[in-house]
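Architecture at a glance
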Amino acid sequence: TKDIGKTEPEFIRSFQFENKLLPLTWVVVRIDGCHFHRFSDVHEFEKPNDEQALKLMNSCAVAVLKEFEDIHFAYGVSDEYSFVLKKESELYKRQSSKIISAITSFFTSTYVLQWGEFFPHKEMKYPPSFDGRAVCYPTYNILLDYLAWRQVDCHINNQYNTCFWMLVKSGKTKTQSQDYLKGTQTREKNELLSCQFGIEYNSLPLIFRMGSSVFHLKEAVAVESGEVSGKKLKGEVVVHHCNIIERCFWEEHPHILS
Ligand code: ATP
Ligand code: ATP
Ligand code: MG
Ligand code: MG
Ligand code: MG
Ligand code: MG
């Protein structure tokens, strides 16, 4: 029999493949809860939207922005969060597997650590996990279109889910509610909510309709003993529920990504 340990370390290392993200592009790492349909059932999340669960997600995202200074913006809805790294970032020399795994595991451990703050009377029944992926966006416009796509998704899903759960709560089965909503347009769904259930869609909380955007407030210049030091400080991390599809948000906050 041959002995183990005869292969040159150099040769062993050569099997690792390069996984560097394209330089000078905006890297978006999107994480998503694994089987959160089940996780939300087991932990009795309110349907369609459990506000505490969303606030826990937001708090984890704030922690991620504080931990990884190259992340300049994040957008979250449901069990997902997109983290945008500045395009000059050299985090982990842009190795995608390291970037994805470090962000995803930091988010996940924070979720577990902070669970009790948001659900003081609910025991966590089993450990949640999140998957992650990274995509490079080469231009500012495509990046903004990516973020707009996630917010459109938030809107469409929220409107559907709000109708679906109102129908279920009014006594229909899940299948009946699904069939009822098949093929309905935005306007019909708004009419259903307003006529049958007295809900004005546009008066539902912003966090449900807009998702959550996380970013640093405009950076402030540090002032030390009367002298202006060159050091730039980042502003505090905030969570806003704003429209990021409209261009004006980005024009009003040029420091975030451009
Ligand atoms: P996958 O592992 O493929 O992502 P999933 O079950 O997580 O499967 P998603 O498409 O990611 O499916 O959808 C997440 C699901 O988690 C939603 O459909 C919803 O049922 C539930 N969910 C997530 N966040 C909340 C919340 N804040 N309130 C209520 N339900 C939620
Ligand atoms: P990086 O983020 O680059 O991985 P690191 O500080 O984690 O940096 P590693 O090369 O992964 O560096 O080494 C892990 C270090 O963690 C060890 O050098 C040791 O100091 C410490 N460590 C890990 N496990 C143990 C352990 N069981 N007992 C004592 N120290 C440990
Ligand atoms: Mg998934
Ligand atoms: Mg999921
Ligand atoms: Mg999801
Ligand atoms: Mg280590």
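Everything numeric here is computed off the predicted structure, so don't read it as measured data.

Definitions and limits used
Residues numbered from 1 in each chain as written. Chains lettered and ligands numbered in written order. Predicted model: local features only at pLDDT ≥ 70, side-chain atom pairs only at ≥ 80, totals over all residues. Heavy atoms only, no water. Helix = DSSP H or I, 4+ residues; strand = E, 2+ residues; numbered from the N terminus. Buried < 20%, exposed > 50% of the residue type's maximum accessible area, 1.4 Å probe, protein only. Contact = heavy atoms within 4.5 Å. Areas by Shrake-Rupley, 256 points an atom, 1.4 Å probe, with all protein chains shown as cover. Lys, Arg positive; Asp, Glu negative; His and termini not counted. Charge placed at Lys NZ, Arg CZ, Asp CG, Glu CD. Donors = N, O, S within 2.8 Å, 3.2 Å for Na, K, Ca; no water. Core = buried A, V, L, I, M, F, W, Y, C linked by side-chain atoms within 4.5 Å. Near = heavy atom within 4 Å. Polar contact = N/O pair within 3.5 Å; in protein donor to acceptor, adjacent residues only side chain to side chain. Nonpolar A, V, L, I, M, F, W, Y, C, P; charged D, E, K, R; others polar. Pairing = 2+ DSSP bridges. Axes fitted to C-alpha atoms, helices over the stretch in contact; angles between N-to-C directions. Disulfide = S-S within 2.5 Å.

1. Overview of the overall build of the chain
When helices and strands are counted, the chain shows nine helices and eight strands. Its C-alpha atoms put the chain at 70 × 70 × 40 Å along the principal axes. Per-residue burial over the chain gives 44% buried out of 258 residues. Residue pairs in contact within the chain that sit at least 24 positions apart in sequence constitute 71% of those at least 6 positions apart. Of the accessible surface of the chain, which amounts to about 15200 Å², a share of 54% is contributed by carbon and sulfur atoms. Computed over 30 positive and 33 negative side-chain charges, the separation of the two mean positions in the chain equals 3 Å.

2. As for the coordination of the magnesium ion (ligand 4)
Under ideal tetrahedral coordination, the four donors around a metal are separated by 109.5 degrees; under ideal octahedral coordination, the six donors are separated by 90 or 180 degrees. Within the protein, the magnesium ion (ligand 4) binds to D32 (OD), G33 (O) and D79 (OD); these donor distances fall in the range 2.0 to 2.2 Å. Between the magnesium ion (ligand 4) and the magnesium ion (ligand 3), a separation of 4.2 Å is found. Here D32 is found in strand β1 (residues 26-33), whereas its partner D79 is found in the loop between β2 (71-77) and β3 (80-85), with 47 residues between them in sequence.

3. Observations regarding the nonpolar core
As a rule of thumb, soluble globular proteins bury nonpolar side chains together. By size, the foremost hydrophobic cluster in this structure holds 34 residues, and its most contacted members are Y81, F83, I103, F107 and Y111. Secondary-structure elements contributing two or more residues to this core are β1, α2 (36-42), α3 (51-67), β2, β3 and α4 (96-118). If you tally residues by element for this core, the top one is α3, at eight residues. Not counting chain neighbours up to four residues away, the residues in contact with F107 comprise I31, M57, C60, A61, V64, Y81, F83 and F130. Listed in part, the 21 residues of the second largest apolar core include V84, Y146, C154 and I256.

4. Describing unusual backbone geometry
Residues K47 and P48 are joined by a peptide bond in cis, for which omega reads 5°. Locating P48 in the fold gives a position in the loop between α2 and α3. The phi angle at H35 is positive, at roughly 50°, despite the residue not being glycine. Checked against the element boundaries, H35 lands in the loop between β1 and α2.

5. Considerations on the site of ligand 1
As a structural note, the neighbourhood of ligand 1 is formed by 17 residues, with D32, H35, F36, H37 and D50 the closest of them. Taking F36, its main chain carries an N or O atom lying 2.7 Å from an oxygen atom of ligand 1. Measuring from a nitrogen atom of ligand 1, one finds a backbone N or O atom of D50 at 2.9 Å. In isolation ligand 1 has 630 Å² of accessible area, and contact with the protein removes 69% of it. Those elements that place two or more of their residues in the shell around ligand 1 are β1, α2 and α3. Per-element tally for the shell around ligand 1: the top contributor is α2, with three residues. When the residues that make up the shell around ligand 1 are grouped by side-chain class, the tally is six nonpolar, six polar and five charged.

6. Observations regarding the sheet that holds strand β8 (residues 237-240)
Taking strand neighbours across the sheet as the criterion, the six strands line up as β4-β1-β3-β2-β5-β8 in an open arrangement whose pairing is antiparallel. Either end of the sheet is taken by a strand with one partner, and the two such strands are β4 (130-137) and β8. Adjacent strand axes in the sheet meet at a mean angle of 20°, parallel and antiparallel pairs treated alike. Both β1 and β4 contribute to a ladder of eight bridges, which runs antiparallel. Among the inter-strand pairings, V27 is bridged to a residue of β4, identified as C136. Across the sheet, α4 lies against β1, β2, β3 and β4, angled at about 140° from β4, the strand it touches most. Docked against the sheet, helix α5 (residues 140-169) engages β1, β2, β3 and β4, running at close to 20° with respect to β1.

7. Regarding the state of the cysteines
Enumeration over the complete set of coordinates arrives at zero disulfides. Counting only cysteine sulfurs, C34 is the nearest neighbor of C60, a cysteine outside any disulfide, at a range of 15 Å. Judged by its relative accessible area of 0%, C60 falls in the buried class.

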